[in-house]
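Residues per chain, in single letters:
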Amino acid sequence: MVESLFPSIENTSESSPESRRKKPRISETAEAEAEIESRRINEESLKRWKTNRVQQIYASKLVEALRRVRQRSSTSTETDKVVSGAAREIRETADRVLAASARGTTRWSRAILASRVRAKLKKHRKAKKSTGNCKSRKGVTETNRIKLPAVERKLKILGRLVPGCRKVSVPNLLDEATDYIAALEMQVRAMEALAELLTAAAPRTTLTGT
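In this text, all values refer to a predicted model and were calculated from it rather than measured experimentally.

## Topic: the overall build of the chain
Now for step 1: In terms of regular secondary structure, the chain is built from seven helices and zero strands.
Now for step 2: Listing each helix as α and each strand as β along the chain from the N terminus yields α-α-α-α-α-α-α.
Now for step 3: Expressed as a percentage of the 210 residues in the chain, the buried residues total 19%.
Now for step 4: Put simply, of all contacts in the chain between residues at least 6 apart along the chain, 64% involve residues at least 24 apart.
Now for step 5: For the chain, the accessible surface area stands at approximately 16400 Å², while carbon and sulfur atoms represent 57% of it.

## Focus: the UniProt feature "coiled-coil region" (unreviewed entry) in the chain
Now for step 1: According to UniProt, the feature "coiled-coil region" (unreviewed entry) maps to residues 174–201 in the numbering used here.
Now for step 2: Its end C-alpha atoms 41 Å apart, residues 174–201 is made of 100% helix and 0% strand.

## Describing the environment of Arg 48
Now for step 1: By the secondary structure assignment, Arg 48 is in helix α1 (residues 2–49).
Now for step 2: Residues Arg 48 and Ala 182, 134 residues apart in the sequence, show an inter-C-alpha distance of 9.3 Å.
Now for step 3: Residues in contact with Arg 48, not counting those within four places in the same chain, are Val 54, Ser 101, Ala 102 and Thr 105.

## Overview of the nonpolar core
Now for step 1: One finds Trp 49, Tyr 58, Leu 98, Trp 108, Val 162 and Met 186 to be the most contacted residues of the largest nonpolar core, which totals 23 residues.
Now for step 2: In terms of residue count, helix α7 (residues 170–208) provides more of this core than any other element does, eight residues in total.
Now for step 3: When sequence neighbours within four positions are dropped, the list of residues in contact with Leu 98 reads Trp 49, Tyr 58, Trp 108, Ala 183, Leu 184, Met 186 and Gln 187.

## Overview of the confidence of the model for the chain
Now for step 1: Across the chain, the average pLDDT comes to 76, with 65% of residues at or above 70.
Now for step 2: No element of the chain has a lower mean pLDDT than helix α5 (residues 131–147), which averages 52, and none a higher one than helix α6 (residues 150–161), which averages 94.

## Re a positive patch on the surface
Now for step 1: A cluster of basic side chains, namely Arg 118, Lys 122, Lys 156, Arg 160 and Arg 166, defines a positive patch on the protein surface.
Now for step 2: When residues of the positive patch are traced back to their parent elements, those giving at least two are α4 (107–128) and α6.
Now for step 3: On the secondary structure map, Arg 166 appears in the loop between α6 and α7.

## Things to note about the packing of aromatic side chains
For any pair of aromatic rings, geometry is given as the distance between the ring centres together with the angle between the planes.
Now for step 1: On inspection of all chains with the given rule, the structure shows two aromatic pairs.
Now for step 2: On the basis of an interplanar angle of 40° and a centroid distance of 6.4 Å, the ring pair of Trp 49 and Trp 108 is categorised as tilted. Of this pair, Trp 49 sits in helix α1 while Trp 108 sits in helix α4, and the two are 59 residues apart along the sequence.
Now for step 3: The buried category is assigned to Trp 49, whose relative accessible area is 0%.
Now for step 4: Members of the aromatic cluster, each reached through a chain of ring pairs, are Trp 49, Trp 108 and Tyr 180.
Now for step 5: Above the plane of the ring of Trp 49 lies Arg 48, whose end atom (NZ or CZ) is 4.9 Å from the centre.

Calculation notes
Residues numbered from 1 in each chain as written. Predicted model: local features only at pLDDT ≥ 70, side-chain atom pairs only at ≥ 80, totals over all residues. Heavy atoms only, no water. Helix = DSSP H or I, 4+ residues; strand = E, 2+ residues; numbered from the N terminus. Buried < 20%, exposed > 50% of the residue type's maximum accessible area, 1.4 Å probe, protein only. Contact = heavy atoms within 4.5 Å. Areas by Shrake-Rupley, 256 points an atom, 1.4 Å probe, with all protein chains shown as cover. UniProt positions renumbered as here; feature names shortened; annotations may be inferred. Core = buried A, V, L, I, M, F, W, Y, C linked by side-chain atoms within 4.5 Å. pLDDT = per-residue confidence, 0-100. Patch = residues over 30% accessible without salt bridge, like charges linked within 9 Å, V, L, I, M, F, W, Y side chains within 5 Å. Salt bridge = Lys/Arg side-chain N within 4 Å of Asp/Glu carboxyl O. Lys, Arg positive; Asp, Glu negative; His and termini not counted. Charge placed at Lys NZ, Arg CZ, Asp CG, Glu CD. Phe/Tyr/Trp six-rings, centres within 6.5 Å; stacked < 30°, edge-to-face > 60°. Lys NZ or Arg CZ within 6 Å of the ring centre and 35° of its normal.

Structure follows, in structure tokens:
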């Protein structure tokens, strides 16, 4: 009975290294499949941003959001605060509508939608921070920028420009940046079309007096 147990123990000891060797292969295939899937989603999103339908939907949603901003700003009495606050709110509204158009499929769109909630929470934390600590942190970041190579420094800057992509891998950062740039190009086209419509409608309103 005792001798019959030893072969089973040897078999389990021999099979464990093989199972350990197979695990990296499974993880590598899963990573490759995930990368292929992310590229496919990125290609589909790039095609979507170039369509006129998405541009029209974004423009209509932007007009509705800007009307709500105008109604809120018209109720306040202080002119300077109204102008500065309205400009900031218009910019944030345009970005939020753009992120909503992405339907949460990208990291940058989810980061923009969550930034409004995080901004309210950070206001109290920023007030408690001292100016001395901020200066020391700036000095540390400047020294780190000098020590970093040129490519890594540019990737770090790119990660700061794309919302929610400061701590992602290089392939994911490039995919997010490509999709974000395509979305911004669509945003510019939609705003230019809205500006042309408003300029064309302006003479009619002045003539009619409405």
